[in-house]
Amino acid sequence: DVVSPSDLPRWLDGRKLDAVIHLGAISDTTASDADLVMENNFNFSLRLLDWCTGASVPFLYASSAATFGDGGEGFSDDWSPEALKRLKPMNLYGWSKHLFDQALVGRVMNKAELPPQWAGLKLFNVFGPNEYHKGEMMSLVAKRFDDARHGRSVRLFKSHRPGIEDGDQRRDFIYVDDAVAVIRWLMETPSVSGIFNIGTGKARSFRDLIAALFRALGREPRIEYIEMPEAIRGQYQYFTQAELGNLRGAGYNAGFTSLEDSVKQYVTH
């Protein structure tokens, strides 16, 4: 069924579910309507949390690597109130996710009633099949596939930070299959609750990503560097890399697909 957010709590009433996996959000990092972002990303998430609490249904939700801001406080998935207070997201999307993380942890600290299992997923740069509904928030591989396939240059942003080369801005790119594997493991391990980074633990550059795209297509990389728009320079993350201490400590011991193998699988399959 396709159900609007406002109708979903009523739609859920009376249904027996194994879990609620809540991934929906306004994820546009340039969004500027604070009321709309907070209604969709914070208030609605609270309503789902309340429903899962009352129905004793496990609740897994998407937080975001955007909660870490510029990375000045590192990328630890320590979810103590003190650690969370130190984070300073750089956009409304990141703040909305961060505020929900804090609200849930506040309930934990106050020993309030919660679902039998809860997990916040600080998803890093997930990419893979079926991203088309995401528009401008699609991964760079999805957005630039046609250019690379037809031998056209792919444009990447120049760097506006000393010591970082053009195209060497780095992200923790994780293939969607690996992200799904973590979520499945959590559902199969109901004794585990907490907030977890979902990334590979290894940052790679956008230049590496696009080079892998061209090579998966059997072409030599063609990259052109362009100016970063003024509107996003102040909130642009130059580096993200998941620390996986919580996830490994909870017992998840599977590996992650390399960037090159992930891109090749995406492009060729």
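An account of the accompanying structure is given in this report. (Residues numbered from 1 in each chain as written. Predicted model: local features only at pLDDT ≥ 70, side-chain atom pairs only at ≥ 80, totals over all residues. Heavy atoms only, no water.)

1. So, the overall build of the protein chain
Of regular secondary structure, the protein chain possesses 10 helices and 10 strands. Taking 269 residues into account, the globule formula puts the C-alpha radius of gyration at 18 Å, and the protein chain, at 19 Å, falls close to it. C-alpha extents for the protein chain along the principal axes are approximately 55 × 40 × 35 Å. The buried share of the protein chain, taken over its 269 residues, is 45%. A sequence separation of at least 24 residues applies to 80% of the contacts in the protein chain between residues at least 6 apart. (Helix = DSSP H or I, 4+ residues; strand = E, 2+ residues; numbered from the N terminus. Rg over C-alpha atoms; globule rule 2.2 N^0.38 Å. Buried < 20%, exposed > 50% of the residue type's maximum accessible area, 1.4 Å probe, protein only. Contact = heavy atoms within 4.5 Å.)

2. Structural notes on the sheet that holds strand β1 (residues 20-22)
What the four strands build is an open sheet, ordered β1-β2-β3-β8; its pairing is parallel. Taken across any chain shown, the strands that pair with only one partner, and hence form the sheet edges, are β1 and β8 (194-198). Averaged over all neighbouring strand pairs, the angle between strand axes comes to 20 degrees, with direction disregarded. Across four bridges, strand β2 (residues 59-62) lies against strand β3 (residues 118-123) in parallel orientation. Following the sheet pairing, A62 is matched in β3 by L121. Relative to the sheet, helix α2 (residues 34-55) contacts β1 and β2, its axis offset from that of β1 by approximately 170 degrees. The strands touched by helix α6 (residues 176-187) are β1, β2, β3 and β8; relative to β3, the strand with the most contacts, the crossing angle is about 170 degrees. (Pairing = 2+ DSSP bridges. Axes fitted to C-alpha atoms, helices over the stretch in contact; angles between N-to-C directions.)

3. Brief notes about the nonpolar core
Counting 27 residues, the largest nonpolar core has L49, F59 and F100 as its most contacted members. The element that contributes the greatest number of residues to this core is α2, accounting for seven residues. Look past the residues within four positions of F100 in its chain and what remains in contact with it is N41, F42, S45, L46, L49, F59 and Y61. (Core = buried A, V, L, I, M, F, W, Y, C linked by side-chain atoms within 4.5 Å.)

4. A few points about the side chain of T200
Inspection of the secondary structure assignment puts T200 in the loop between β8 and β9 (204-205). Side chain to side chain, T200 and D172 meet in a polar contact 2.7 Å long. In terms of polar contacts, T200 uses its side chain to reach the backbone amide nitrogen of K202, at 3.1 Å. (Polar contact = N/O pair within 3.5 Å; in protein donor to acceptor, adjacent residues only side chain to side chain.)

5. Remarks on the pattern of salt bridges
Per the stated rule, a full pass over the model turns up 17 salt bridges. Of the charged contacts, one joins E39 and R47 as a salt bridge, the two residues approaching to 3.0 Å between their closest N and O atoms. The class of E39 is partly exposed, set by a relative accessible area of 33%. Assessed through its relative accessible area of 33%, R47 is described here as partly exposed. Here D146 makes a salt bridge to R149, at a shortest N to O gap of 2.7 Å. Remark: R149 and D146 occur in helix α5 (residues 140-149); sequence separation between them is three residues, near one turn of the helix. In this structure R149 comes out as partly exposed when scored by relative accessible area, which is 40%. (Salt bridge = Lys/Arg side-chain N within 4 Å of Asp/Glu carboxyl O.)

6. Re the packing of aromatic side chains
Using the criterion set out here, one finds 17 aromatic pairs in the structure. Within the aromatic cluster, the residues linked to one another by ring pairs are F42, F59, Y61 and F100. Positioned above the aromatic ring of W11, the side-chain terminus of R15 is 3.8 Å from the ring centre. (Phe/Tyr/Trp six-rings, centres within 6.5 Å; stacked < 30°, edge-to-face > 60°. Lys NZ or Arg CZ within 6 Å of the ring centre and 35° of its normal.)

7. As for the environment of R170
In this fold, R170 is placed in strand β6 (residues 170-171). Sequence-wise, R170 and S258 are 88 residues apart; in three dimensions their C-alpha atoms are separated by 15 Å. The contact partners of R170, leaving out residues within four places of it in the chain, are A203, R204, S205, Y238, F239 and T240.

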